[in-house]
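Structural characterization, general
Each chain is listed here by its residues.
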Amino acid sequence: MKYIDEFRDGELARGLARTIAAEADPARTYRLMEFCGGHTHAIYRYGVQDLMPANVRFVHGPGCPVCVLPMSRIDQAIAMAVEHGVTLCTYGDLMRVPASERNSLLKAKAGGADIRMIYSTQDALAIARKAPERQVVLFAIGFETTTPPTAVAIKSARAEGLENFSVFCNHVLTPPALATILASAGKGVVQLDGILGPSHVSTVIGSRPYEFVPEAFGKPVVIAGFEPLDVMQSALMLIRQINAGQASVENQYTRAVTRDGNPKAQALMAEVFSPRDRFEWRGLGFLPASALRIADAYADLDAEQRFPVAPSTGREIKGCECPSVLRGVMEPTDCKLFGTVCTPENPMGACMVSSEGACAAYWSYGRFRAPATQSAVGADVGSSVAATVAAPANLPTASAPTRRDSAVSA
Ligand code: SF4
């Protein structure tokens, strides 16, 4: 396949759906965790879950960087802007994520703090260059995908002698989170049969770092692309491994991912960052060696050292089930606030704010709604596989609610 529309082709999707239905063993359940929020959105935007047999279920993982950032770190960023008077630069997704005391970056901005929305790390550097009298802090978040650009910004600031620029580093690492999820299966985290591995993260780190999954946990991993046919083909690859009693790392996303990833990006990360001893993840708690701090050689560009603030113990809004959604034990529709108090216009938790959040995916693509509304939503999504592909007779219809069965939620 060469073009994007080929990865959304209805005929190919129907064929894959028939193959999956034929090969999935009706005597068992296949619980496949898609780590990335990007996969979650592809699954719900294109109706991929609705094309699966009832015993093949996608379990949403914690791969949304905004969603896993704990409230305490947003509190700290707000404190830097308010108490130290810095210009805080951040991506749009973060602006409305709830902080403690019903605060948010957007509300702090409305209250007078100098908080600016940027599109790239280079925007933050440009702001620092234009306003040498201001201290500019880049609120850096994300998995391994967005870490190299932050490293480039730090190196640029050093090379230019930009003394009014620093970084509040919140970059996190995928493999430790995956290890925690698998090690905690059955103890507050859902039991899994296979993993759809991250797409963009894997372009940087490669597929090799996931090899501990089959070795230590006996579970297969397939690195999966973000298009609907990528996800379906990856699900089929996992089903085939599970049926054969095998567990290895396979790479469906060969057009972008290699076993060793991008060595230049990895070298940049290794030069500019060091692992933290531990870091808090929303929903998963404090995980060892799961995040990065700025390396000692660049400590003068570390906003946490330049602008110290008191640690916060931010608590989730009462009733918000984001932690359980991120562990895969609840679906967004299991949250009592979903679609009532909590909507994208009035988010109560990070999972409803972020463009990669599971709650936002459910809400945006209406997979929980009644059949009539569901069709309307499908019609709106012009390129949707669900809108263009009639589900085979032996598969659930696109209008069926997609709550996970109780065995999966155990
Ligand atoms: S629906 Fe809203 S309140 Fe409920 S888990 Fe999702 S983000 Fe949190």
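Scroll up to find the structure this text is about.
Residues numbered from 1 in each chain as written. Predicted model: local features only at pLDDT ≥ 70, side-chain atom pairs only at ≥ 80, totals over all residues. Heavy atoms only, no water.

Focus on the sheet that holds strand β7 (residues 194-197)
Taking strand neighbours across the sheet as the criterion, the five strands line up as β2-β1-β7-β8-β9 in an open arrangement whose pairing is parallel. Each of the sheet's edge strands pairs with one partner strand only, and the pair in question is β2 (56-63) and β9 (249-251). Recorded for the sheet is a direction-independent mean angle of 25° between the axes of neighbouring strands. Relative to β7, strand β1 (residues 30-36) is paired through three bridges, and the arrangement is parallel. (Pairing = 2+ DSSP bridges. Helix = DSSP H or I, 4+ residues; strand = E, 2+ residues; numbered from the N terminus. Axes fitted to C-alpha atoms, helices over the stretch in contact; angles between N-to-C directions.)

Some words on the packing of helix α7 (residues 147-160) against helix α12 (residues 263-272)
Relative to each other, α7 and α12 sit at 55°, their axes nearing to 9 Å. If you check the angle between α7 and α12, you find them oblique. Regarding α7 and α12, the two cross each other, and that crossing is left-handed. The segment α7 lies against α12, with T147, P148, A151, V152, I154 and K155 engaging A265, L268, M269, E271 and V272. When its residues are assigned to classes, the contact of α7 with α12 shows eight nonpolar, one polar and two charged. (Parallel < 35°, antiparallel > 145°, perpendicular 65-115°, else oblique. Left-handed = near helix turned anticlockwise from the far one by under 90°. Contact = heavy atoms within 4.5 Å. Nonpolar A, V, L, I, M, F, W, Y, C, P; charged D, E, K, R; others polar.)

Quick word on the packing of helix α6 (residues 121-130) against α7
In the contact formed by α6 and α7, the axes pass within 9 Å of each other and the chain directions differ by 25°. In terms of their interaxial angle, α6 and α7 are classed as roughly parallel. You can see that α6 and α7 cross each other, and the crossing is right-handed. Contacts from T121, Q122, L125 and R129 of α6 reach α7 at P149, T150, V152, A153, S156, A157 and E160. Residues belonging to the contact of α6 with α7 are distributed by class as follows: five nonpolar, four polar and two charged.

A few points about the nonpolar core
Core analysis: the largest hydrophobic core is formed by 104 residues, its most contacted members being F58, L105, F139, M232 and W281. Examining the composition of this core, we find that nine residues originate from one element, helix α11 (residues 228-243), more than from any other. With residues near it in sequence (within four places) discarded, W281 still touches V68, F143, V172, L173, A177, L287 and S290. With 25 residues, the next largest nonpolar core counts A140, A151, L173 and I294 among its residues. (Core = buried A, V, L, I, M, F, W, Y, C linked by side-chain atoms within 4.5 Å. Buried < 20%, exposed > 50% of the residue type's maximum accessible area, 1.4 Å probe, protein only.)

From the geometry alone we can't say anything about function, so treat these as descriptive.
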